[in-house]
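Structural description and commentary
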Number of protein chains: 2
Amino acid sequence: MSVTTLHRPTHRDALSALSAAFERGELVTVFGRCTVDYDGRAASSLGPGDRLLILKPDGTALVHTDEQRTPVNWQPPGSEHRAAVRDGRLRVRSVRGNPDERLDVRFERVDQVSALPVTGGRSVDVYGSEEDLRQEILDDPDLVEPGFEPAATERQTAAGPVDLFGHDDEGRPVVVELKRRRVGPDAAGQLGRYVEALSREVPDGTEVRGVLVAPSVTDRARELLAEKGLSHVPLAPPAESSTAADTAASGDGGEPTTVGDSSSEPEDGAD
Amino acid sequence: MSVTTLHRPTHRDALSALSAAFERGELVTVFGRCTVDYDGRAASSLGPGDRLLILKPDGTALVHTDEQRTPVNWQPPGSEHRAAVRDGRLRVRSVRGNPDERLDVRFERVDQVSALPVTGGRSVDVYGSEEDLRQEILDDPDLVEPGFEPAATERQTAAGPVDLFGHDDEGRPVVVELKRRRVGPDAAGQLGRYVEALSREVPDGTEVRGVLVAPSVTDRARELLAEKGLSHVPLAPPAESSTAADTAASGDGGEPTTVGDSSSEPEDGAD
DNA sequence: CGTGCCAGGTGCCCT
DNA sequence: AGGGCACTTGGCACG
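Everything numeric here is computed off the predicted structure, so don't read it as measured data.

**So, the protein's contact with DNA strand D**
Neighbouring DNA strand D are 26 residues, the closest being Arg180(A), Tyr194(A), Arg41(B), Arg182(B) and Thr218(B). Among atoms of DNA strand D positioned within 4 Å of the protein, sugar and phosphate together represent 84%. The contact in question runs from a phosphate oxygen of DNA strand D to an N or O atom on the backbone of Arg69(A), over 3.1 Å. Of all the elements in the fold, those that place two or more residues in the surface near DNA strand D are helix 3 (185-201) of chain A together with strand 5 (73-75) of chain B. Of all the elements, helix 3 of chain A adds the most residues to the surface near DNA strand D, at three residues. Class assignment for the residues of the surface near DNA strand D results in eight nonpolar, seven polar and 11 charged.

Following this line, the structure appears as structure tokens:
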């Protein structure tokens with residue numbers, strides 16, 4: 001139950017390793033010279049090169065080059081991986097339906113095949129989300145404005161669910177749209193749609209106010225807000241979630257060995 | 001100039017391998033039992049588990065589990081990777097500025113370290129993009145409507161650049177917004193902003209029309225369009241780019257060995 | 001650099 | 001399954 005690695009395997013041996021690894025529900029990495037062809041929502045093809053193919057037991061396929069966070073080609077979870085030897089090449093084909101999409105990776109040379117038994121947690125609690133921002137406001141509604149009283153979250157309207165709905169100190173309905181980071185015109189439009197939708201649900205003549213809560217706003221967004229009579233309250237998500245345990249890591253300093261960048265000063269022998 | 005792999009290395013040996021690999025500008029994979037902590041735009045922590053860490057020479061860091069296309073944690077390109085041995089663990093730290101973000105992966109056990117010399121093309125031409133849709137229309141403007149005459153692409157307005165601008169058969173200005181796939185309310189809002197912005201640049205009384213070209217629209221988007229007096233022309237990007245070479249792969253059939261899914265019928269020994 | 005916007009966006013939750 | 005939306009969105013092109 002450990003890592004299995006083949007060096008410069010024959011295509012046939014690589015194929016066997018792939019099959020065995022998937023039977024065991026392991027993640028597989030393949031490195032070698034390959035071409036990549038994709039056809040589905042769009043289409044693309046990629047000429048020969050040495051790249052890293054990752055095949056996950058959930059059906060995900062990733063082709064990574066030496067750059068970028070985004071894989072150069074991929075297949076989403078739920079796809080079906082198949083492998084075969086064709087025309088002297090190891091062909092790994094990943095297919096899914098709805099929409100129909102196909103990814104073909106053809107190796108003319110396989111340098112390494114590894115089967116990795118992945119375990120442990122796969123989800124993380126992320127702090128600083130829009131949800132944290134909402135909680136922050138529910139804990140202290142005055143952050144929106146003095147006298148603001150929250151009435152409902154995710155309140156349904158004809159234009160969709162409103163992040164936070166309530167009333168101001170004079171009883172006027174207030175639509176609050178929450179954004180965890182600086183926003184552009186799209187957010188202003190979104191808030192505007194909610195306000196307009198709610199205006200129609202409310203007795204004629206009742207003014208519905210709209211408040212965009214976000215750390216900051218671009219100029220264009222500000223203009224749009226002004227145009228629509230909406231306002232902006234500068235407020236960012238809390239640095240730490242109120243519900244999260246204090247996980248501040250301390251005593252982890254030191255001068256580690258630099259391995260990825262030669263631009264900095266020479267390290268003075270610390271490791 | 002080939003793959004370098006260490007099995008169950010000591011932390012110290014793993015560290016050496018990392019340093020050497022980065023000197024050579026290679027991509028590094030590390031598999032082993034680790035914890036992951038991230039702090040930056042948001043924050044997260046992940047308990048012990050066996051996961052795959054990918055370090056790219058461009059500063060990208062990816063932590064992958066056995067599920068999902070999206071890494072469970074990551075650091076974007078431009079980050080600086082550092083490694084050190086601390087408290088009996090191999091710590092890989094990836095840091096960037098603007099915004100300040102830090103990713104720590106701490107291995108209590110390293111099962112495998114590989115240095116992979118990645119080469120070859122890293123970009124693909126994707127067909128079926130919005131650009132292809134625009135070209136399709138420029139080749140045959142009647143696809144928008146009979147008599148439509150394109151005047152400019154990316155025409156600037158106070159609300160941003162308009163995908164395609166032109167005039168209808170009666171000389172009225174027309175704003176065309178292109179979307180490569182089915183769209184929701186956001187696209188309708190976007191088009192509405194452009195039409196409104198252009199209406200102000202044009203002599204009083206001149207009607208500016210807005211056309212959303214997309215394969216289809218959601219109900220909510222349709223309502224919004226009707227509300228704003230905008231129209232929808234159902235049109236999808238061409239299946240193949242007109243400029244792209246015909247790369248249809250043929251003669252690649254056969255009955256490959258299934259390795260990723262046990263739900264299908266038993267394969268009859270073809271390979 | 002920030003602003004705006006497309007993307008094979010991905011992923012989540014709701015109806 | 002489809003719609004609506006958040007996301008450490010990522011990535012690019014333009015001011």
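Now that the structure is up, let's keep going.
**Overview of the interface of chain A and chain B**
Facing 93 residues of chain A, the contacting portion of chain B comprises 96 residues. Carbon and sulfur atoms supply 50% of the area buried between chain A and chain B, which totals about 8000 Å² over both sides. Remark: the boundary between chain A and chain B carries six salt bridges. The closest approach of N and O atoms between Glu67(A) and Arg122(B), which form a salt bridge, is 3.3 Å. On inspection of chain A and its partner chain B, the count reaches 31 residue pairs in polar contact (both at pLDDT 80 or more). Per element, the largest residue contribution to the side of chain A that touches chain B is 10 residues, and it comes from strand 3 (residues 43-55) of chain A. Taken together, the residues of the side of chain A that touches chain B break down into 32 nonpolar, 28 polar and 33 charged. Summarising the sheet, strand 9 (residues 125-127) of chain A and strand 3 (residues 43-55) of chain B pair through three bridges and their orientation is antiparallel. Bridging from a neighbouring strand, Val126(A) pairs with Ser44(B) of strand 3 of chain B.

**A look at the domain arrangement of chain A**
Domain boundaries in chain A define domain 1 (4-116) and domain 2 (130-234). Put simply, the middle of domain 1 of chain A and the middle of domain 2 of chain A, counted by C-alpha atoms, are 47 Å apart.

**Notes on the packing of helix 3 (residues 185-201) of chain B against helix 4 (residues 219-228) of chain B**
Residues and elements named next belong to chain B. In the contact formed by helix 3 and helix 4, the axes pass within 8 Å of each other and the chain directions differ by 20°. Between helix 3 and helix 4, the interaxial angle falls into the category roughly parallel. Every pair of crossing elements has a handedness; the one defined by helix 3 and helix 4 is right-handed. When helix 3 is examined against helix 4, the residues Pro185, Ala188, Leu191 and Gly192 are found in contact with a partner set consisting of Arg220, Ala221, Leu224, Leu225 and Lys228. Tallied by class, residues from the contact of helix 3 with helix 4 come to six nonpolar, one polar and two charged.

**Re the side chain of Thr157(B)**
Note that Thr157(B) resides in strand 9 (residues 149-157). Classification of Thr157(B) by relative accessible area gives buried; the value is 8%. Of note is the side chain of Thr157(B), whose polar atom sits 3.1 Å from the backbone nitrogen of Ala159(B). Within polar-contact distance, the side chain of Thr157(B) engages the backbone oxygen of Gly160(B) at 2.6 Å. Filtering out sequence-adjacent residues up to four positions away, Thr157(B) remains in contact with Arg220(A), Val162(B), Tyr194(B), Ala197(B), Leu198(B) and Glu201(B).

The rules behind each value
Residues numbered from 1 in each chain as written. Chains lettered and ligands numbered in written order. Predicted model: local features only at pLDDT ≥ 70, side-chain atom pairs only at ≥ 80, totals over all residues. Heavy atoms only, no water. Near = heavy atom within 4 Å. Polar contact = N/O pair within 3.5 Å; in protein donor to acceptor, adjacent residues only side chain to side chain. Helix = DSSP H or I, 4+ residues; strand = E, 2+ residues; numbered from the N terminus. Nonpolar A, V, L, I, M, F, W, Y, C, P; charged D, E, K, R; others polar. Contact = heavy atoms within 4.5 Å. Buried area = accessible area lost by both parts, 1.4 Å probe. Salt bridge = Lys/Arg side-chain N within 4 Å of Asp/Glu carboxyl O. Pairing = 2+ DSSP bridges. Domains from an automatic or database assignment. Axes fitted to C-alpha atoms, helices over the stretch in contact; angles between N-to-C directions. Parallel < 35°, antiparallel > 145°, perpendicular 65-115°, else oblique. Left-handed = near helix turned anticlockwise from the far one by under 90°. Buried < 20%, exposed > 50% of the residue type's maximum accessible area, 1.4 Å probe, protein only.

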